[in-house]
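Topology and contacts: notes
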Amino acid sequence: MSQKEHIREQTARTPAVVMNSAEKRDIRIKRVSSRKRSRDSSQMTPERKRGSEKCPKICRLSSIMAEQQQQQQQPAAELFCSDSEDLFGDYDSLLQDSSLLDRLDDAEQSERQRDVQRDVQRDFTNLRTMTDEDVLTDSILDAMGEEDLPPSMQQFKDQVQETRVRLQGGDQTSTPLRNKKTSTPLRTKEESRPPRGGGGGGGGGGPSCRRSVADALKKTMLCNAASPAMASRSAALKEAVLSEEISVAMQALEEVSEEKTPDLGPFFGLPSRVKELMLRLKGIQSLYEWQETCLNLPSVQRRKNLIYSLPTSGGKTLVAEILILRELLCRKKDALFILPYVSLVQEKVRGLASFGVELDFLVEEYAGSKGRFPPVKRKDRRSLYVATIEKAHSLVNSLIENQRIDDLGLVVVDELHMLGDGSRGAIIEMTLAKVLYTAKSTQIIGMSATLGNIKDLQTFLRAENYSNDFRPVQLKEYVKLQDTIYEVDPKEEDCFKFSRLLNFKYSSSMQKLDPDHIIAMVTEVIPKHSCLVFCPTKKNCENVGGLICRYLRKDFLLLHEQQKLLLLSQLKECGRGSVCPVLSRTVPYGVAYHHSGLTGEERRLLEEAYTCGTLCLLTCTSTLAAGVNLPARRVILRSPYLAADFLKRSQYKQMVGRAGRAGIDSQGESILILQEKDRLTAQTLVSAPMEKCFSNLLLDEGKGLRSLILSLIGLNITWCVQQLQDFLRCTLLSVQEEHLCVQTSLKEALQLSLNFLQENQLIIREGETLSVTRLGKATYKVCIICVCISSGSVDLLYSSVLYKDLSKGLEGLMLNSFLHLLYLVTPYTMIHQVKPDWMLYYTQHQCVIHQFTLLSAAEQKMSAAVGVPESFVARRAAGQTVRKSANTEVVSRMYLALVLFSLLKDLNLWIVSDRFQMSRGFIQTLLSSSSAFCACVLHFTEELEEFWPFRALLTELTRRLSYCVTSELIPLMEVAGVMEMLLREKAAALQEEVDDLLTLPKDLPSAPLIAL
């Protein structure tokens, strides 16, 4: 078919397409007049009575003209239209001149012909019109203005603005479109716009052309209407219908384009600019075959929910990032990216902040104490919320409460298999169920390793599934028994096939210190390649790292010498002059440990040093496997246990999945060290299918279900029992009801939860209507924020304990010290993570009784009031029996309050860590959790009038805990830009210190060396 025939066919088909689109949407045409006239009823135009007959969905010109002639022949007894609906004032045509109509027909046909030609070039088959907003520019920094940005994005923007030369000219701000059939770039709006004759100037595209023609026609009709001798009533009606048809067409095209993600360019619907950024910022030149297949799935194109599962390191995250960019740039909707750990959130924020600056969207961090509820609503810019599991739940709740959930176009969940992970899994299930129930147009994407019951998750999320076993680097799994290495082979009878013997000579002393031959297996790959050693405990990580360095050659000290000195200086700087003794011994050899006992800044520095090659070996716990992406050539599992528990299949796969670095290694290796007693169990571990994922809403006597029901009623999502039952059908628990609800049905579990909430005065039942009490409203808001703090507990009993503690605190609140308030805001979820060792402190002269002697008389009186008298502490420190035992939870909470109290006074993490013999990471976690819980208690007191005295006090304490500085410096820390200035000064001072160190003689720790 020639191009002219194709255009002619499109021309003939265009009105029908528009009419069909209008009919599907039940669009009615209504005449509107901008002015009124005064005349008696005998001069009014007849009209059918309103309400007696429905107006047709759309009216053609011929049908309207015929209907008008019939109405003129009817008797004058009919009703008449109002003056406000008369089209052309007090001018009625008597001449019925059709010459103008002919000219209008010609003008309309010629204009439509030109529009169709332009629409064909824009792939009109998609029924999409381009607007100026669809054109992305190569540089959007100018459009950002003075709006505040998150720190990560502001830092990148400043770097870009310092080195970038802005592009000028209109031809540099267009993005080519992609034709779906040919996949070749099409001309942009500026290139395809035909020049206008006569007046010149740059006219509009297709829609703007129609609007300009409609305006010209309307002006012509109005001018003709002003001259009775040359204008006709039929011409005026024709003009009105034509104008309405054009507006109907525009509305239909816009609505059709919203049903499918608009195509803005050749890179999976994204502009080519995104592909360039992928190469420049991530070094990605092309996608894997499975990634292209997944992005082109019909379900993805139709925006259906999707679960895709691949082995670790298969490239799952990149697919999610492309889908997020499509949502932000093409559909102009916000997106939520849910990650399991704070470290992952921070890493992802750093990685995507540069894309946000270049492509004009915001990347907002919701982890720890960061995040605003509800988020700031912006008119012209979209946001990507990167959140932990708990923060994501709070974010969704705040959007529902403020009726903004429809702004959320996409939710991406990483590690979807964590749905089966205790209370955190219950929070994921609650979050996704609320999105499914309240936001019908929001797409949900789930990423996970292979699961045993993926069908259940598909049913729950109403999603399709895509699975692949692709790995960019081949993985070989081994186990070690004594001095023999076996390859894991499920085809073998015992799953193990002989591979080789360890060829490494051990002395008798080495054999005693290293019976598992860790040094032999490590030195086979380092320093040329990288290695990870997973240990069962944090203490074992430090011991193994120190052991390996004792027997490494001196050559290791010379590798990356300056970079190691810089790393030690940075660690010393973030520790305010102190460095961990273990790290000071191991870092010069390129070895370090990595676990939760380190502060966040220390972990970040070590991760960056490992990524760039300064460190070649990390001894770590299992949390690193689920945290940041730190691959290695060889992964060694020190033991098949995590503390006292045997590894699960999913945990094992996560750890060994770190082996193999794409683009660097040709293969990856994993070695599991076994004892003979664990051989049979290990055979099941390496060959068993993946564990199944089950709902945790009924965990611990249904605590998750109670919290869910209370929030549903409080957020006005449901307000009767029937609606609660309908909502629960959207949960994973409903899908797995036959398996999980054995003793009681889901309906009975619902009734038990309602009875519990009513007995605790959290809800009110009036017939079938449900509502929350004042205490219930405060409680569900506390639970929403409380899940962000530590372990993700959703136990509603904490709210009643908090209410009692605050009520008791009002009776004798101590105001001359922060200690009483610190006790009230110490998180309940961290009480069981600490056990005071009284004898340890007594023998080291750092006993708790000494801490009490430093307290004032008022502070000691306050401690006795909450249930921890000085006599009890003295007897416990001396090892004596206590006649009247105190509540252990109250004692542990008071102990943690003393840690916080000491930290706010000394403001030095290392001093407090040494004083209380706690890890720096735990104290840092305690501080951030207390800051978040303090804000939670503040919200609780704002909902209950009787706690008004706490509001001003908790506001000040929240700021103090957040910044951890003296009260005089808090106003300075809240000034925009101060933190960035301090960081720049800190970096400059650090560089000067490094330069000084490099000029001094080397002073490295010596250790006995044994030749290998």
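Fair warning: this is a prediction, and the values are worked out from it, not measured in the lab. (Residues numbered from 1 in each chain as written. Predicted model: local features only at pLDDT ≥ 70, side-chain atom pairs only at ≥ 80, totals over all residues. Heavy atoms only, no water.)

Further remarks concern unusual backbone geometry. Of note, the amide linkage connecting Phe-373 to Pro-374 takes the cis form, showing an omega dihedral of -10°. With respect to the element layout, Pro-374 can be found in the loop between β5 (362-366) and β6 (383-388). Pro-527 follows Ile-526 through a cis peptide bond whose omega is 5°. Residue position: Pro-527 is located in the loop between α17 (518-523) and β13 (531-534). The residue Glu-415 is not glycine, and still its phi comes out positive at about 55°. The exposure class assigned to Glu-415 is buried, which follows from its relative accessible area of 17%. The residue Gln-761 is not glycine, and still its phi comes out positive at about 55°. The residue Gln-761 is located in the loop between α30 (746-759) and β20 (763-766) in this model. (Helix = DSSP H or I, 4+ residues; strand = E, 2+ residues; numbered from the N terminus. Buried < 20%, exposed > 50% of the residue type's maximum accessible area, 1.4 Å probe, protein only.)

When two helices pack together, you describe them by how their axes are tilted relative to each other and by the distance separating the axes. Viewed as axis vectors pointing N to C, helix α14 (residues 422-438) and helix α26 (residues 699-714) meet at an angle of 30°, and their least axial separation amounts to 11 Å. By the criterion of interaxial angle, the relationship of α14 to α26 is roughly parallel. With respect to the hand of their crossing, α14 and α26 are arranged in right-handed fashion. Judged by residue contacts, Gly-422, Ser-423, Met-430 and Lys-434 of α14 engage Leu-699, Gly-704, Leu-708, Ser-711 and Leu-712 from α26. A breakdown of the residues in the contact of α14 with α26 according to their chemical character gives four nonpolar, four polar and one charged. (Axes fitted to C-alpha atoms, helices over the stretch in contact; angles between N-to-C directions. Parallel < 35°, antiparallel > 145°, perpendicular 65-115°, else oblique. Left-handed = near helix turned anticlockwise from the far one by under 90°. Contact = heavy atoms within 4.5 Å. Nonpolar A, V, L, I, M, F, W, Y, C, P; charged D, E, K, R; others polar.)

Moving on: helix α11 (residues 316-329). Between its terminal C-alpha atoms α11 stretches 21 Å, which fits the 20 Å expected from 14 residues at 1.5 Å a residue. Counting buried positions over the 14 residues of α11 gives 13, a clear majority of the element. (Expected span 1.5 Å × (residues − 1).)

Assignment of secondary structure puts Thr-958 in helix α41 (residues 949-963). Ignoring any residue separated from it by four or fewer positions in sequence, one finds Thr-958 in contact with Ser-931, Cys-934 and Ala-935.

So, on to the pattern of salt bridges. Scanning the entire structure with this criterion turns up 31 salt bridges. When the shortest N-O distance is used, the salt bridge between Arg-331 and Glu-327 registers 2.6 Å. Residue Arg-331 shares its accessibility class with Glu-327, and that shared class is buried. Each of Arg-273, Glu-276, Arg-280 and Glu-358 takes part in one network of salt bridges that share partners. (Salt bridge = Lys/Arg side-chain N within 4 Å of Asp/Glu carboxyl O.)

With mixed pairing, eight strands are arranged side by side in an open sheet as β12-β11-β10-β19-β16-β13-β15-β14. The sheet is open, and its two borders are formed by β12 (496-501) and β14 (591-594), each paired with just one other strand. Between one strand axis and the next, the sheet turns through 25° on average, direction left out of account. By the bridge criterion, four bridges tie strand β10 (residues 474-481) to strand β11 (residues 484-488) in an arrangement that is antiparallel. Across the sheet, Val-479 pairs through a bridge with Tyr-486, a residue of β11. In this fold helix α22 (residues 600-611) packs onto β13, β14 and β15 (617-620), with an angle of close to 135° to the strand it touches most, β14. (Pairing = 2+ DSSP bridges.)

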